[in-house]
Amino acid sequence: MAEESDQQTTMPKSFPVKPKLKPTSRKSTTTPESKYWRSFKSPDPQNPKKLISSITSLSFSPAAPHDFAATHSATVSIFSAATLEHKSTLSAFTDTATSASYRSDGRLLAAGSYSGKIQVFKTRSILRHLRSHTRPVHFVKYPLADKLHLYSGGDDSIVKYWDVVTETVVSDLIGHKDYVRCGDGCPASDDMFVTGSYDHGIRVWDVRVSRASSVMEVNHGKPVEDVIYLPSGGLIATAGGNTVKIWDVIGGGRLVYSMESHNKTVTSICVGKVGREGGEENRILSVSLDGYMKVFDYSRFKITHSMRFPTALLSIAFSPDSSTRVIGSSNGVLYAGKRSVKENVGSEVAEETKKRALRPSYFRYFHRSQNEKPSEGDYLIMRKKKVKLTEHDKLLKKFRHKEALVSALRGKNPGSVVAVMEELVARKKLLKCVQNLETEEELGLLLGFLQRYMTVPRYAGLLIGFSKKVVEMRAEDVSASEALRVHIRNLKRAVEEEVRIQQSLQEIQGIISPLLRIAGRR
């Protein structure tokens, strides 16, 4: 009994255990940019559009109304950007369609396929068959403005530059050592484009260069799945592995930044736009096999938004008017979202704006500062900026020519003095002003200026001839004043020094000229 009592006393006290709570995601601070990207909503979120198989590429038309094309199986489907409804189907492929690209005017659509053939469509009819690739074609792209050419790449490791009208290859660009999977045109020039390959290389091509080799090459470090030019034309973004990298093309292929926020292979990237008060800012949108879409602000090197989808993502595109965003998945589901301007504004924001509006009947209306920004409906009357005139400009406007010249000479700005002299020459009053210089001080100012700046190459064309005239016209005044004679002696010394310099330069030229002729013959 004693042992049982000891055990009872040593046993720890027990407490009732509460059931574990289910893990919940902590709500993060909602930023204006997050609200912007969440505002892209599907008309029927419960039933997204389901296509036959995985969506390999998406492309928007550059021309309004910016319809978009999706390649899947042996089909290219065209959707309306306004309603997100299916419009038409292009099914003239014998194998899987891989890439689609609209021409700059939106009237033609080119698409490649696993058969190695590229087809150009207008509405539903085939206009051209481009046959040269021996293996599947993985990317086809029209230049930004050029309507007559396109470029393509595929599993034969060759990049081809096509003349669409004649259905011929203008040049075969050889350099990649593995499958060419992606490419994009330069916004600054239709003759330049970039391609990416599974050999980890990204090559920049210029079709104006006679040799069929790239003008620049960088190594991504992983098989490249997608590559795009950023809007400035000086940067490119590449996707391979779980990394998106930004390169400086103008700087010779320098790596600017490497973003590693995905857990699996990044399959597609594109440029999106965010509306701001001071204008639109560009973002890089990336999708991956991990099911995430990431928004990257490459001006601050920061991920600004992330969105999770229930399946692996293969392609993404953003409309030129920033109203539609579409994402293609591996199971054929098309996640299309459209942004409503009215939704973005919101009833709360509209109500707050209404409360803050200033009207002429409000007392606060008359206490606005000069920095108050005009509202949307205001009519702006721009006040002309008042030009501040110098003293000699004011005197010239009053036709007081001699006073204007003396004022400029006292200002000690040689550019202004010569400008006044040129204006007086145009008015045919310069020599008259010299005659009207009454005091010794005024004439001394002029002679001192000529002595200092007559040999300056910028002003010599006007001042050398003018100095001669001044000495001839005011010779009697000069001979009668010791101070003016000092100015003349200084002037003479400056001329003699300039003559010596010119003679020395001619001697040097005489020595160098024969040597240059001999060097030119070699």
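Everything in this summary refers to the structure shown in the same document. Residue numbers run consecutively from 1 along every chain, following the written order of its sequence. Reporting of local features is limited, given that this is a predicted model, to residues whose pLDDT is at least 70; pairs of side-chain atoms are given and counted only at 80 or more, and all residues count toward the totals for whole chains, interfaces and linings. Only hydrogens and water are removed before side-chain values are computed, so all heavy atoms of the structure are retained for them.

**Side note on the pattern of salt bridges**
- Salt bridge, as used here: a side-chain nitrogen of Lys or Arg that lies within 4 Å of a carboxyl oxygen of Asp or Glu. This structure, assessed with the given rule, holds 22 salt bridges.
- In this structure, glutamate 482 engages arginine 485 in a salt bridge whose closest nitrogen and oxygen atoms are separated by 2.4 Å. A residue pair is termed a helical-turn pair when its members lie 3 or 4 positions apart in one helix, as glutamate 482 and arginine 485 do in helix H12 (residues 482-521) at three residues.
- Classification of residues uses two cut-offs on accessible area relative to the type maximum, computed with a 1.4 Å probe and protein chains only: under 20% is buried, over 50% is exposed, and between them is partly exposed. With relative accessibility at 44%, the residue glutamate 482 sits in the partly exposed group.
- According to the relative accessible area criterion, arginine 485 is partly exposed, its value standing at 29%.
- What you see here is one network of salt bridges that share partners, running through Glu33, Glu281, Arg283, Asp297 and Arg300. Counting from the N terminus, the helices are DSSP H or I runs at least four residues long and the strands are E runs at least two residues long.

**Looking at the side chain of serine 113**
- Inspection of the secondary structure puts serine 113 in strand S8 (residues 109-113).
- We call two N or O atoms a polar contact when they sit within 3.5 Å, provided that within protein one can donate a hydrogen and the other can accept it, with sequence-adjacent residues counted only if both atoms are side-chain atoms. Polar side-chain contacts of serine 113 include one of 2.7 Å to the side chain of serine 115.
- We call two residues in contact when some of their heavy atoms are within 4.5 Å. Setting aside residues no more than four positions away along its own chain, serine 113 makes contact with Phe93, Asp95, Thr96, Ala97, Thr98, Pro136 and Val137.

**So, helix H9 (residues 440-453)**
- By this rule, a helix spans an expected 1.5 Å times one less than how many residues it contains. Compared with the 20 Å implied by 1.5 Å per residue over 14 residues, the 20 Å span of H9 between its first and last C-alpha is a close match.
- When we look at burial in H9, the residues that qualify are Glu442, Leu443, Gly444, Leu446, Leu447, Gly448, Phe449 and Leu450.
- Tucked into the core, H9 has its buried residues touching helix H6 (401-411), helix H7 (414-426), helix H8 (430-435), helix H10 (457-473), helix H11 (475-480) and H12.

**What about the packing of aromatic side chains?**
- Pairing of aromatic rings covers Phe, Tyr and Trp, the last counted by its six-membered ring, and requires centre-to-centre distances within 6.5 Å; plane angles under 30 degrees mean stacked, over 60 mean edge-to-face, and any other angle means tilted. Throughout the structure, instances matching the rule amount to 17 aromatic pairs.
- Taken together, the ring pairs in this structure connect Tyr36, Trp37, Phe40 and Phe318 into an aromatic cluster.
- By definition here, charges over rings are those cases where NZ of Lys or CZ of Arg is within 6 Å of the ring centre and within 35 degrees of the ring normal. Its guanidinium or amino end placed over the ring of tyrosine 292, lysine 294 lies 4.8 Å from that ring's centre, counting from NZ or CZ.

**A closer look at the sheet that holds strand S12 (residues 149-154)**
- When DSSP finds two or more bridges between a pair of strands, those strands are recorded as paired. The four strands are arranged S11-S12-S13-S14 in an open sheet whose pairing can be described as antiparallel. One side of each edge strand has no neighbouring strand; the edge strands of this open sheet are strand S11 (137-141) and strand S14 (168-174). Between one strand axis and the next, the sheet turns by 20° as a mean value, whatever way the strands run.
- Looking at chain direction, S11 and S12 are connected through four bridges and run antiparallel. Across the sheet, residue lysine 141 finds its bridge partner in S12, namely tyrosine 151. Interaxial angle, 0 to 180 degrees, is taken between N-to-C directions of lines fitted to C-alpha atoms, where a helix line uses only the stretch in contact.

**Some words on the sheet that holds strand S10 (residues 125-131)**
- Judged by pairing direction, the sheet is antiparallel, and its four strands sit side by side in the order S7-S8-S9-S10 without closing on themselves. On the outer flanks of this sheet lie strand S7 (97-102) and S10, each paired with one strand and no other. Strand-to-strand twist of the sheet, defined as the mean angle between neighbouring strand axes without regard to direction, takes the value 20°.
- Pairing geometry for S7 and S8, over five bridges, is antiparallel. When the sheet's bridge partners are listed, alanine 97 is paired in S8 with serine 113.

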